[in-house]
Amino acid sequence: MPASTPKVERASDFRTCDPRLAPIAEKVRAHERLSAGDGLALYASPDVLAVGWLANHVRERMHGDLTYFNVNRHINPTNVCVAACKLCAFGRKKGDPAGYTMALEEAWQTAASGYSEAVTEFHLVGGLHPDLPLEFFLDLIRGLKERFPQVHIKAFTMVEIAFLARRAKLSVEETLLKLREAGVDSMPGGGAEIFAPRVRSIICDHKIDGEEWLQTARTAHKLGFKSNATMLYGHIENDADRVDHLLKLRALQDETGGFQTFIPLAFHPENTALDHLPVTTGLTDIRQIAVSRLLLDNFPHIKAYWQMMTPKIAQIALRFGADDLDGTVIEEKIYHDAGAKTPQGMTRKELCRLITEAGRVPVERDTLYRPVTRTEESFTVAV
Ligand code: V47
């Protein structure tokens, strides 16, 4: 591990104009778990800087200045999807001229294209295709592993896994074991959206419900997979829905310890069925990072996904609780179909600059947060 600066703001330095934050600051100082009521107070507080101060305090207690990123590539094998979620601008119905499905060879070529630095992670997610069988995805993963044996494969959301299992008439456990045999190493955090049934039934009514998302993650963790978790915010949910979502994740993490990173995802309305909604503001995004860090005391990492937040807000988030920026990404489709104006990808050098100028220490990591040492041509992972 690179040396972290043991630099933690002193808890006694905490100042706020909001009296509701004082007992929360006491709990933070004493390493005590925050309650649902504390979560609501953090969302309601006008003193966003004080909320951020507390989150930064926890972040520095856990990681010092260390700030993680990786060199990864996104691959979205298909956008054809049966779900037609109101939140989504990416999915297309079968037969839609804008729908696409990569042939296996094309997906493998995509994996190798677009960037000169050796990637350590492929991030694969896609639509719930009505016709592609589990075998297609197993072949896809096997082919990737054969061609890129050194690259970690983080593939398929809990929603896709539950869907593939149902289509193959297998249990989730059997499906996960087949995916592991083919070469899947861990899972990304997508598809969690908001667990509250009232909200879920409007924004993504054809997806598995929150309980099934959590149960699929539980099964994956029990088999030894690590995964991430997300929350989609900034649409029709309220603060209580967000707190409920975070505490459900915290409870599952207490049980399994399988989550690595939490990624709050701001809703991008453009080209979705909810395009009348406004985009989130910078302060909402920053506060969401901070509340996540404070409530999710058992999650090792909080990610400020720069593609979603913009590099500028993601950089500020590194002082509000986030310790990870995600990675080079290379080719992002889900947010760009929903109007994102961020670049498709970033270089390692650009990510390091964002981190360094935030006064933090960049650490290239692999998907499992092991430091990566790199030469021009290759990389090694410290194990
Ligand atoms: O599950 C879809 C979200 C997720 C929109 O695990 C939208 O490391 C906003 O999960 N506006 C996919 N959000 C992305 C994702 C992710 C990203 C980066 C890293 C990781 C990780 C995971 O994107 C979906 C959904 O929640 N999404 N449409 C939209 N219009």
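Definitions and cut-offs
- Residues numbered from 1 in each chain as written.
- Predicted model: local features only at pLDDT ≥ 70, side-chain atom pairs only at ≥ 80, totals over all residues.
- Heavy atoms only, no water.
- Helix = DSSP H or I, 4+ residues; strand = E, 2+ residues; numbered from the N terminus.
- Rg over C-alpha atoms; globule rule 2.2 N^0.38 Å.
- Buried < 20%, exposed > 50% of the residue type's maximum accessible area, 1.4 Å probe, protein only.
- Pairing = 2+ DSSP bridges.
- Axes fitted to C-alpha atoms, helices over the stretch in contact; angles between N-to-C directions.
- Contact = heavy atoms within 4.5 Å.
- Arc of directions from axis to C-beta.
- Near = heavy atom within 4 Å.
- Polar contact = N/O pair within 3.5 Å; in protein donor to acceptor, adjacent residues only side chain to side chain.
- Areas by Shrake-Rupley, 256 points an atom, 1.4 Å probe, with all protein chains shown as cover.
- Nonpolar A, V, L, I, M, F, W, Y, C, P; charged D, E, K, R; others polar.
- Core = buried A, V, L, I, M, F, W, Y, C linked by side-chain atoms within 4.5 Å.
- Domains from an automatic or database assignment.
- Buried area = accessible area lost by both parts, 1.4 Å probe.
- Salt bridge = Lys/Arg side-chain N within 4 Å of Asp/Glu carboxyl O.
- Phe/Tyr/Trp six-rings, centres within 6.5 Å; stacked < 30°, edge-to-face > 60°.
- Lys NZ or Arg CZ within 6 Å of the ring centre and 35° of its normal.

Asks: Talk me through the overall build of the chain; I want residue IDs and the actual numbers.
Replies: For the chain, the helix and strand inventory stands at 15 helices and twelve strands. Taking 21 Å as the expected radius of gyration for a compact globule of 383 residues, we find that the chain reaches 20 Å, a close match to that expectation. Viewed in the frame of its principal axes, the chain has a C-alpha envelope of about 60 × 50 × 40 Å. Going through the 383 residues of the chain one by one, you find that 58% of them count as buried.

Asks: Kindly report on the sheet that holds strand β1 (residues 66-70), identifying the contributing residues and their values.
Replies: Pairing within the open sheet is parallel, and its three strands lie in the order β9-β1-β10. The strands lining the two open edges of the sheet, one partner per strand, are β9 (324-327) and β10 (361-364). In this sheet, adjacent strand axes meet at a mean angle of 25 degrees when their direction is disregarded. Note that β1 and β9 share two bridges and pair parallel. The residue bridging Asn70 from the neighbouring strand is Gly327, located in β9. Lying over the sheet, helix α15 (residues 348-357) contacts β1, β9 and β10, oriented at roughly 160 degrees with respect to β1.

Asks: A description of α15 should follow, citing residues and the corresponding values.
Replies: All buried positions along α15 are accounted for by Leu351, Cys352, Leu354 and Ile355. Taken end-on, α15 shows its buried residues confined to a sector of 160 degrees, consistent with a single buried face. For α15, the exposed residues lying more than 90 degrees away from the buried face are Lys349, Arg353 and Glu357. Buried residues belonging to α15 abut β1, α12 (306-309), α13 (311-317), β9 and β10.

Asks: Please give an account of the site of the ligand that cites residues and values.
Replies: As a structural note, the neighbourhood of the ligand is formed by 24 residues, with Lys154, Gly191, Glu193, Lys303 and Tyr335 the closest of them. In this structure, a nitrogen atom belonging to the ligand sits 2.8 Å away from a main-chain N or O atom of His268. Note that an oxygen atom of the ligand is positioned 2.8 Å from one of the side-chain N or O atoms of Lys303. Considered on its own, the ligand offers 610 Å² of accessible surface; in the complex 95% of this is hidden by protein. Of all the secondary structure elements, the ones that give two or more residues to the shell around the ligand are β6 (226-233), β7 (259-266) and α14 (334-337). Class assignment for the residues of the shell around the ligand results in twelve nonpolar, eight polar and four charged.

Asks: Residues and numbers for the side chain of Thr367, please.
Replies: Secondary-structure assignment places Thr367 in the loop between β10 and β11 (372-374). Accessibility expressed as a relative area gives 3% for Thr367, which makes it buried. Residues contacting Thr367, with those up to four places away along its chain left out, are Asn70, Thr120, Glu121, His152, Lys154, Ser186 and Gln260.

Asks: So what's going on with the nonpolar core? Which residues, and what values?
Replies: Ranked by size, the top nonpolar core spans 115 residues in total, and within it Phe122, Leu124, Trp213, Leu249, Phe262 and Leu294 carry the most contacts. Here this core takes seven residues from helix α5 (residues 134-147), the largest share from any one element. When residues are assigned to domains, this core turns out to be shared by domain 1 (11-61) and domain 2 (67-381), each giving three or more. Excluding anything up to four places from it in sequence, Phe122 contacts Arg73, Ile75, Ala111, Leu144, Phe148, Val151, His152, Ile153 and Lys154.

Asks: Tell me about the domain arrangement of the chain, and please be specific about residues and values.
Replies: As far as domains go, the chain holds domain 1 (11-61) and domain 2 (67-381). Each of domain 1 and domain 2 has a C-alpha centre, and these two points are 28 Å apart. Carbon and sulfur atoms make up 62% of the surface buried where domain 1 meets domain 2, a total of about 2,000 Å² over both sides. Contact with domain 2 buries surface across domain 1, with Arg33, Tyr43 and Arg59 losing the most and accounting together for 42% of the total. There are four salt bridges connecting domain 1 and domain 2. For the interface between domain 1 and domain 2, the tally reads twelve residue pairs in polar contact (both at pLDDT 80 or more). Those elements that place two or more of their residues in the side of domain 1 that touches domain 2 are α2 (36-44) and α3 (48-63). Top element by residues in the side of domain 1 that touches domain 2 is α3. It accounts for ten residues.

Asks: Mind laying out the packing of aromatic side chains, listing which residues take part and the relevant values?
Replies: One pass over the full model with this rule turns up ten aromatic pairs. When the ring of Phe262 is compared with that of Phe299, the centres are 6.2 Å apart and the planes differ by 85 degrees; the resulting orientation is edge-to-face. One end of the pair, Phe262, is in strand β7; the other, Phe299, is in the loop between α11 (282-295) and β8 (301-302), with 37 residues separating them in the sequence. For Phe262, a relative accessible area of 0% corresponds to the buried category. An aromatic cluster is built from Phe195, Trp213, Phe259, Phe262 and Phe299, whose rings are joined through pairwise contacts. Sitting over the ring of Phe225, Arg180 keeps its end group 4.8 Å from the ring centre.

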